[in-house]
Amino acid sequence: MVQDVIFCLQEAASEIIFQNYSTPKKLSECFISPPCGCANPGKELKCEDCPYLEACLSRIKLGNRE
């Protein structure tokens, strides 16, 4: 059980440390080479189902409110 708690603390710490590096600062950063393979985000229908773009745009929106 102690090992589980230590593991959870390590994971939480790594999330906090690397969050600043992985969070996009500009809206345009979300559209550069998304892993879902969408070449023209906002212009192709298949881009609407890309979870990466949705998450990235949500982070930008939340980041501006804080």
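Residues numbered from 1 in each chain as written. Predicted model: local features only at pLDDT ≥ 70, side-chain atom pairs only at ≥ 80, totals over all residues. Heavy atoms only, no water.

Draft legend 1. Structural context of the overall build of the protein chain. Assigned secondary structure in the protein chain consists of two helices and zero strands. Across the 66 residues that make up the protein chain, the buried fraction comes to 15%. For the protein chain, the proportion of contacts with a sequence separation of at least 24, taken over those separated by at least 6, is 40%. Split by element, the accessible area of the protein chain, about 5,700 Å² in all, is 58% carbon and sulfur. (Helix = DSSP H or I, 4+ residues; strand = E, 2+ residues; numbered from the N terminus. Buried < 20%, exposed > 50% of the residue type's maximum accessible area, 1.4 Å probe, protein only. Contact = heavy atoms within 4.5 Å. Areas by Shrake-Rupley, 256 points an atom, 1.4 Å probe, with all protein chains shown as cover.)

Draft legend 2. Structural detail: the state of the cysteines. Summed over all chains, the structure comprises three disulfides. Across the disulfide, Cys30 is cross-linked to Cys56 (sulfur-sulfur distance 2.0 Å). Where Cys30 bonds to Cys56 through sulfur, the torsion about that S-S bond is close to -85°, and the disulfide is left-handed. Placement of the pair is Cys30 in the loop between helix H1 (2-22) and helix H2 (51-65) and Cys56 in helix H2, with a sequence separation of 26 residues. Look at Cys30 and you get buried, because its relative accessible area is 0%. Paired by a disulfide, Cys36 and Cys50 hold their sulfur atoms 2.0 Å apart. Judged by the sign of its S-S torsion, about -100°, the bond between Cys36 and Cys50 is left-handed. Residue Cys36 is found in the loop between H1 and H2, and its partner Cys50 is found in the loop between H1 and H2; the two are separated by 14 residues along the sequence. The exposure class of Cys50 is buried, given its relative accessible area of 2%. Counting only the cysteines that form disulfides, in the order they appear in the protein chain, gives the pairing 1-6, 2-5, 3-4. (Disulfide = S-S within 2.5 Å.)

Draft legend 3. A nonpolar patch on the surface, seen in detail. A surface patch of nonpolar side chains, amounting to about 380 Å² of accessible area, comprises Met1, Val5 and Leu9. Mapped onto the fold, Leu9 is located in helix H1. Classification of Leu9 by relative accessible area gives exposed; the value is 58%. (Patch = residues over 30% accessible without salt bridge, like charges linked within 9 Å, V, L, I, M, F, W, Y side chains within 5 Å. Salt bridge = Lys/Arg side-chain N within 4 Å of Asp/Glu carboxyl O.)

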